[in-house]
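Examination of the molecular architecture
Now for the letters of each chain:
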Amino acid sequence: MIIENVSVGPLDVNCYIVGCESTRQAAIIDPGEDEEKILERLKALNLNATHIVLTHGHVDHIGAVPEIQQATNALILMGQNDRLLVENAVLQAEMFSLRVPGLFNVDQYLADNDEIVVGSFSFKVITTPGHSPGGICLLYERHLWAGDTLFFNSVGRTDLPGGSMEELYSSIKNKLYLLHPETIVYPGHGDYTTIGHEMKHNPYIS
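A brief structural summary. All values derive from a computational prediction rather than experimental measurement. (Residues numbered from 1 in each chain as written. Predicted model: local features only at pLDDT ≥ 70, side-chain atom pairs only at ≥ 80, totals over all residues. Heavy atoms only, no water.)

**Side note on the layout of surface pockets**
Counted as a void, the largest pocket has a volume near 250 Å³. Considering the residues around the largest pocket, the lining is formed by 14 residues, among which Arg83, Val86, Glu87, Leu103 and Phe104 are closest to the centre. Sorting the residues of the lining of the largest pocket by element identifies α3 (83-87) and α4 (89-96) as the ones contributing at least two each. Class assignment of the residues belonging to the lining of the largest pocket gives a composition of nine nonpolar, three polar and two charged. Considering the residues around the second largest pocket, the lining is formed by 16 residues, among which Leu11, Asp60, Asp148, Arg157 and Leu160 are closest to the centre. Split into classes, the residues belonging to the lining of the second largest pocket amount to six nonpolar, seven polar and three charged. (1 Å grid on protein atoms, 1.4 Å probe; cavity = no way out; pocket = protein on both sides within 12 Å on 5 of 7 lines; lining within 4 Å. Points joined across faces, edges and corners; volume = space filled by probe spheres on them. Helix = DSSP H or I, 4+ residues; strand = E, 2+ residues; numbered from the N terminus. Nonpolar A, V, L, I, M, F, W, Y, C, P; charged D, E, K, R; others polar.)

Below, the structure is given as structure tokens:
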């Protein structure tokens, strides 16, 4: 598996390119901005993007979706319950003085335990509401792409529309903390961590 992190936008979103070494197919997770940078890296890795997966619908994570989709013809996938966030992306952008994303159509809304097949591997979808109503994480073996649900020594904020600290606590405690402690966590911002580290040291949910 090829895992590449491209930091994008003024909020330094971690956009991940996750590729299959044998088929050269790839998923792009959270292309928040800087589509040229993402596409250049995709080309340098000799990968063909077949999926664009959004861990949630906040504007800093979706800004480059239309441009990436137009360049790659990749399918767009996200959690059903963040549909309203995407539909109100203009208001989000104005709130945070961020780039207004173009319109795009979601090809598939994801539910808990859905599988996303990319080349010879597949992600398992884990629904993790809290940071947003339709937030999801993606699991492959001991690799977890956590969006803004879980960070290194921190968690996603819950003071934005649709956020819920109670739901976030439940998502992390009852779903993510059940994963193997050595599972690597690739967050939407900041440094990588592991489930085991967060279970012992996260000051918000330990």
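**Here's the deal with the sheet that holds strand β3 (residues 25-29)**
Spatial strand order, β1-β2-β3-β4-β5-β6: six strands in an open sheet with mixed pairing. Two strands bound the open sheet, and with one partner strand each, they are β1 (2-8) and β6 (108-110). In this sheet, neighbouring strand axes are inclined to one another by 25° on average, regardless of whether the strands run parallel or antiparallel. Along the sheet, helix α2 (residues 65-72) contacts β3, β4 (48-53) and β5 (75-79); its crossing angle with β4, the most-contacted strand, is approximately 150°. (Pairing = 2+ DSSP bridges. Axes fitted to C-alpha atoms, helices over the stretch in contact; angles between N-to-C directions. Contact = heavy atoms within 4.5 Å.)

**Comments concerning α4**
Taken together, the buried positions of α4 are occupied by Ala89, Gln92 and Ala93. Along α4, the residues classed as buried sweep out an arc of 100° about the axis, all on the same side. Of the exposed residues in α4, those oriented more than 90 degrees away from the buried face are Leu91, Glu94 and Met95. Where the residues of α4 are buried, they touch α3. Where α4 terminates, the next one or two residues include Ser97, which has phi positive at roughly 55°. (Buried < 20%, exposed > 50% of the residue type's maximum accessible area, 1.4 Å probe, protein only. Arc of directions from axis to C-beta.)

**Overview of unusual backbone geometry**
In this structure, Asp12 takes a positive phi of about 50° despite not being glycine. Its location among the elements puts Asp12 in the loop between β1 and β2 (13-19). In this model, Asn46 sits at a positive phi of 60°, which is unusual for a non-glycine residue. For Asn46, a relative accessible area of 55% translates into the label exposed.

**Section: the packing of helix α1 (residues 35-44) against α2**
Relative orientation of the contacting elements α1 and α2 amounts to 35°, with a least axis distance of 9 Å. Remark: the crossing between α1 and α2 carries right-handed chirality. Contacts from Glu35, Ile38, Leu39 and Leu42 in α1 reach Glu67, Ile68, Ala71 and Thr72 in α2. Considered class by class, the residues forming the contact of α1 with α2 number five nonpolar, one polar and two charged. (Left-handed = near helix turned anticlockwise from the far one by under 90°.)

**Here's the deal with the pattern of salt bridges**
Applying the stated rule across the entire model yields seven salt bridges. A salt bridge links Glu4 to Arg41; its shortest N-O distance comes to 2.5 Å. With a gap of 37 residues between them, Glu4 in strand β1 and Arg41 in helix α1 connect regions that are remote in the sequence. Lys175 serves as the salt-bridge partner of Asp112, at 3.6 Å between the closest nitrogen and oxygen. Pair noted here: Asp112 is in the loop between β6 and β7 (115-118) and Lys175 is in the loop between α5 (165-174) and β13 (184-187), with a separation of 63 residues, a long-range link. On the basis of relative accessible area, Lys175 is assigned to the partly exposed category, the value being 28%. Bridged by salt links that share partners, the residues Glu35, Glu67 and Arg99 form one connected network. (Salt bridge = Lys/Arg side-chain N within 4 Å of Asp/Glu carboxyl O.)

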